[in-house]
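Coordinate analysis (summary)
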Amino acid sequence: MSTPEHAPTPPTRERTRRHSWARVFIPVVLILIWLVGAGLGGPLFGKVDEVSSNDQTSYLPESADATQVQKLLGEFNDSDAIPAIAVFVADDELSESDLQTISDAVADAPSVEGVSEDVSPALTSDDGKAVQAFIPIEGDAELADAIDALGTQLRDAAPDGVTVYITGPAGFSADLVAGFAGIDGLLLGVALLAVLVILVLVYRSFLLPIVVLSTSLFALCVALLVVWWLAKFEVLLLSGQTQGILFILVIGAATDYALLFVARFREELRVTRDKGAAVLAAWKGSFEPIVASGGTVIAGLLCLLLSDLKSNSTLGPVAAIGIVFAMLAALTLLPALLLLFGRAVFWPRRPKFEPEVVADEHGMRKTGLWARLANLITRRPRVIWIVTTLVLLAGASGVLQLNAVGVPQSDLVLGASEARDGQVALGEHFPGGSGSPVYVVVAEDELQDAADVLLADDGIDGVSVTAADSPSGSAPVTEDGLVAVGPPGTPVPEPTVVDGDVLLQGTLTDAADSDAAAATVRDLRTQLDELDALVGGVTATAIDTNDASIHDRNLIIPVVLVVIMLILMLLLRSILAPVLLIITTVLSFGTAMGVSALVFNGVFDFPGADPAVPLYGFVFLVALGIDYNIFLMTRVREESLEHGTREGVLRGLSITGGVITSAGLVLAATFAALSVIPILFLAQLAFIVAFGVLLDTFVVRSLLVPALAYDLGRVIWWPSKLWRNGRD
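Residues numbered from 1 in each chain as written. Predicted model: local features only at pLDDT ≥ 70, side-chain atom pairs only at ≥ 80, totals over all residues. Heavy atoms only, no water.

**Details of the side chain of N629**
Tracing the backbone through its elements, the reader meets N629 in helix α20 (residues 612–643). The class of N629 is buried, set by a relative accessible area of 0%. Sequence-distant contacts of N629, that is, excluding residues within four places in its chain, are made with L581, T584, T585, T634, R701 and V705. (Helix = DSSP H or I, 4+ residues; strand = E, 2+ residues; numbered from the N terminus. Buried < 20%, exposed > 50% of the residue type's maximum accessible area, 1.4 Å probe, protein only. Contact = heavy atoms within 4.5 Å.)

**Re the pattern of salt bridges**
All told, the structure shown has 10 salt bridges when counted by the stated rule. Here R522 ties to D547 by a salt bridge, and the two come within 2.9 Å at their closest N and O atoms. One end of the pair, R522, is in helix α17 (residues 515–528); the other, D547, is in helix α18 (residues 538–572), and 25 residues separate them in sequence. Beyond isolated ion pairs, a larger network of salt bridges with shared partners links R264, E267, R635, E638 and E639. (Salt bridge = Lys/Arg side-chain N within 4 Å of Asp/Glu carboxyl O.)

**Thoughts on the nonpolar core**
Within the largest apolar cluster, 161 residues are counted, with the highest numbers of intra-cluster contacts made by Y257, F265, L301, Y616, F620, M633 and F671. In contact with F620, other than residues within four places in its own chain, are I245, L249, L301, L315, G625, F671, L685 and V689. With 33 residues, the next largest nonpolar core counts L447, L454, A475 and A518 among its residues. (Core = buried A, V, L, I, M, F, W, Y, C linked by side-chain atoms within 4.5 Å.)

**A word on helix α3 (residues 96–107)**
The end-to-end C-alpha separation of α3 is 16 Å, in line with the 16 Å expected for 12 residues at 1.5 Å each. Every buried residue belonging to α3 is among L99, I102, A105 and V106, and all of these are buried. The buried residues of α3 occupy an angular sector of 125° when projected down its axis, which confines them to one face. Opposite the buried face of α3, at more than 90 degrees from it, the exposed residues are E96 and A107. For α3, the secondary structure elements touched by its buried residues are β1 (82–89), β2 (123–124), β3 (130–137) and α4 (143–157). (Expected span 1.5 Å × (residues − 1). Arc of directions from axis to C-beta.)

**With respect to the sheet that holds strand β10 (residues 534–536)**
Backbone-to-backbone hydrogen bonds join strands into a sheet, with any given pair of strands oriented parallel or antiparallel. The sheet built from six strands is open, its strands ordered β8-β7-β6-β9-β5-β10 with antiparallel pairing. The sheet is open, and its two borders are formed by β8 (481–482) and β10, each paired with just one other strand. Pairing geometry for strand β6 (residues 460–466) and strand β7 (residues 474–478), over three bridges, is antiparallel. Bridge pairing links S464 to P476 in β7. Across the sheet, helix α2 (residues 65–77) is in contact with β5 (438–443), β6, β9 (501–508) and β10; its angle to β10 comes to roughly 85°. Set on the sheet, helix α16 (residues 447–455) makes contact with β5, β6, β7, β8 and β9; between it and β7 the angle comes to about 70°. (Pairing = 2+ DSSP bridges. Axes fitted to C-alpha atoms, helices over the stretch in contact; angles between N-to-C directions.)

**Here's the deal with empty space enclosed by the protein**
Considering all chains together, one arrives at four cavities of 30 Å³ or more under this definition. Reported here for the largest cavity is a volume of approximately 90 Å³. Residue lining of the largest cavity: 15 residues in total, with G168, F172, Q423, S434 and S436 positioned closest to the centre. For the lining of the largest cavity, the secondary-structure elements that each account for two or more residues are α5 (168–179) and α15 (418–429). Examining the composition of the lining of the largest cavity, we find that three residues originate from one element, α5, more than from any other. One number sums up the size of the second largest cavity: a volume of about 50 Å³. A577, L580, L581, T584, V705, L708, A709 and I716 are the residues that line the second largest cavity. Taken together, the residues that form the lining of the second largest cavity break down as seven nonpolar, one polar and no charged. (1 Å grid on protein atoms, 1.4 Å probe; cavity = no way out; pocket = protein on both sides within 12 Å on 5 of 7 lines; lining within 4 Å. Points joined across faces, edges and corners; volume = space filled by probe spheres on them. Nonpolar A, V, L, I, M, F, W, Y, C, P; charged D, E, K, R; others polar.)

**Observations regarding the sheet that holds β2**
Strands sit in the order β2-β3-β1-β4 across an open sheet of four strands; the sheet is antiparallel. Two strands close off the open sheet at either side, each with one partner strand: β2 and β4 (163–167). In this sheet, β3 lies alongside β2 in antiparallel orientation, the contact comprising two bridges. Within the sheet, the bridge partner assigned to T124 lies in β3 and is V131. Sheet strands touched by α3: β1, β2 and β3. Its angle to β3, the strand with the most contacts, is close to 5°. On the sheet, α5 packs against β1, β3 and β4 and is oriented at approximately 100° with respect to β1.

**Details of the packing of helix α9 (residues 275–302) against helix α11 (residues 315–341)**
Where α9 contacts α11, the axes come no closer than 10 Å and their chain directions differ by 175°. Judged by the inter-axis angle, α9 sits roughly antiparallel to α11. For the contact of α9 with α11, the class distribution of residues is 20 nonpolar, four polar and one charged. (Parallel < 35°, antiparallel > 145°, perpendicular 65-115°, else oblique.)

**Some details on a negative patch on the surface**
A cluster of acidic residues, D49, E50, D80, E113, E117, D118, E138, D140, E142, D145 and D148, forms a negative patch at the surface. Mapped onto the elements of the fold, D140 is located in the loop between β3 and α4. (Patch = residues over 30% accessible without salt bridge, like charges linked within 9 Å, V, L, I, M, F, W, Y side chains within 5 Å. Areas by Shrake-Rupley, 256 points an atom, 1.4 Å probe, with all protein chains shown as cover. Lys, Arg positive; Asp, Glu negative; His and termini not counted. Charge placed at Lys NZ, Arg CZ, Asp CG, Glu CD.)

Following this line, the structure appears as structure tokens:
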């Protein structure tokens, strides 16, 4: 019998060999590519500080007064040094011998590596119990090492019974550097360990958690490689805060995407013996939700580009790069690894080939948590979503207690702080703002007018002007004009003039990071506005940062909502479903912030929160929280096309319940790991996101959304074809 012309040709041994060879070759090539990328990016974990900066002024808008003043300081002082203040304190009045010993120790401070030669003389307090000295740290020095060495030398040289503190801007900056020191090791280790424990408990497998974590870690290494070089070439601005968020975001997101893919792969292994076919089917089923989920997060993050603060606007692309590689790893590296290992990856609980059982279940399990939950929703859908909403609204009411208007610089680092203790000691014996003055740049012919404004303010203890020919580098300014520095007969120094401007310094009566100091600076800006003066310094920088953060928060949050809603509309081919999903996610965010506010105030006794905390919490919770709704609703839509909306809701909940819950636990654990870094901002963000993700996973996605969708039926797909032609 002849073979018909168009009949399929039986597979030959040669085609089978080529097919088998391709199955091995392609995964191996993909794995090797990721290995090379990880090999290049891995060594950069210990070198991030080479391309990062924690200087607040570098993140302010170019137009901010504090930014402009900071740029001019180097021209007036011919130095980029960071001022440190050494404070020597005794219980009793210091003797002449003690004062001489302290003066000698201060004079010898430049022998410490990284300390500038421009050390001020030791100044004794009015009560005679304390001495302060201004000791600049060179701008290119290793700040933390220089501060540590300086403190050690001064303590060794100080008289018995005298306590030495290193504070001021350099001291607080060193605290921040020390706080971020654990990011490369401690943070990453804690996050990976937490994820590993959860994966082992969920899958009860030894190999699968290693495969999933390898996918996440490789994604992070390659993302870091790209970000590091972009920061190296100054395309992006990187800070310790951004670095920590990048690490956690990539590990959490990549693991979530991997869990979704693994769940699909396991499903397919139950209906096919061919591991290649199972990987391909899992890839097709996972591609849309992973890309939609990652695209939603990226879109939300890129909205941060609208920010005035560079710390926000640079986080957007840095974190977006991380999400891109998280998606790529989940869709390329993970399938390659699963194709190589096949069913063995689940050992010792390998999925069985049981198509008859799967056909009978088709996702509708008769027993277990999700089956009971689905049955509960069928009986009381309206009661469930109404009660759940009311509970969430009650929790959200706590947001009125949130104090997110900024915190003092001295409270940015949690735990013990020598700089904080030194500032307290300084304020007990000297004007609180010593070492962190208000800087005023004003035209030379308006010097006295500006000085008079400063002198008349109760928040200013003294005024001086930068003068290069003065022994101390500055000269006092009184209501009668400049005053000579030195013995009688010393000529009055000439102010340093740069492009027709002079630099005034006002010593604040209150601590530079206090509310009182902020009020003083705001008042000075108002009074000096008619002189076209620029007001900068530590306090002004904090003010400009907080103001920019509040502006960003009010602008970016609505934009993120609109962008994510448009993406959901395209994904679900509906208008009503995305609107409802956004409302539930915002409600979940409000509850997370409300509960967090109560915990911050009543349990942790935090001094407040940075204005950026609600913004970051919103971006991460809404962008990441919507992920789980995407995972759920894409599957619900898929099932609704075949079985009707209400049964599709129950099937979608039953099928995705386990994997989404696991993903939520992983993401919450990774963000909770941020709390090991003793930085107030990261600790607060860790609690908000971890609690919010758990709330979204166990309440919003498990109860509120399914019950609401079940109650509405096919109307939830309005105005799509599924609404017009589908079944309830």
